[in-house]
Amino acid sequence: RSVTPSRIMGAGDPVLPSGVLTAISQSYMESSGVSPEHPCASPYFASDEVLKAFPPVLIQVSAVDPLLDDAVDFNTRIRRVGGISEIRATHHVPHAFWGLSGIGFPEVRSVHQYCEAWILNVFGEKV
């Protein structure tokens, strides 16, 4: 993937600094022989036909995440093909903040609560 503004601004992310992002991207599926750009490795690379079949999607991302632009692009693609997708950016948290509520990131609890409510609202009794 090309360098995006969020990858430049998020290069110092404590969880996913640019060096780690590059290393992961280069070796992500190397042992299996599957390209990191294969849709099975990342739904970002799925065809429009596959995206049309997606269930409703909620994307939670850090407002300073190195992958913020990728998340925005993915959300846009889903919506462009008629899918239901919502993106929410959380401030004051690093990449992969989902599991950090117990170590000084109180914002994460409200994200958990929003996600729980969203899932119940969208899928109701199906969950």
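Heads up: the structure comes first, above all this text.
If you're wondering where the values come from, they're calculated on a predicted model, not measured in any experiment. (Residues numbered from 1 in each chain as written. Predicted model: local features only at pLDDT ≥ 70, side-chain atom pairs only at ≥ 80, totals over all residues. Heavy atoms only, no water.)

Caption draft 1: Spotlight on the packing of aromatic side chains. All told, the structure shown has four aromatic pairs when counted by the stated rule. On the numbers, 6.4 Å between centres and 35° between planes, the contact of Tyr44 with Phe74 is tilted. In this pair, Tyr44 is assigned in the loop between α2 (18-27) and α3 (48-52) and Phe74 in helix α4 (residues 68-80), connecting sequence segments 30 residues apart. Exposure remark for Tyr44: the relative accessible area of 16% places this residue in the buried category. We classify Phe74 as buried; its relative accessible area is 11%. Relative to Phe123, the ring of Trp118 lies with its centre 6.2 Å away and its plane at 75°, an arrangement referred to as edge-to-face. Classification of Phe123 by relative accessible area gives partly exposed; the value is 24%. Linked through ring pairs, Tyr44, Phe45, Phe54 and Phe74 together constitute an aromatic cluster. (Phe/Tyr/Trp six-rings, centres within 6.5 Å; stacked < 30°, edge-to-face > 60°. Helix = DSSP H or I, 4+ residues; strand = E, 2+ residues; numbered from the N terminus. Buried < 20%, exposed > 50% of the residue type's maximum accessible area, 1.4 Å probe, protein only.)

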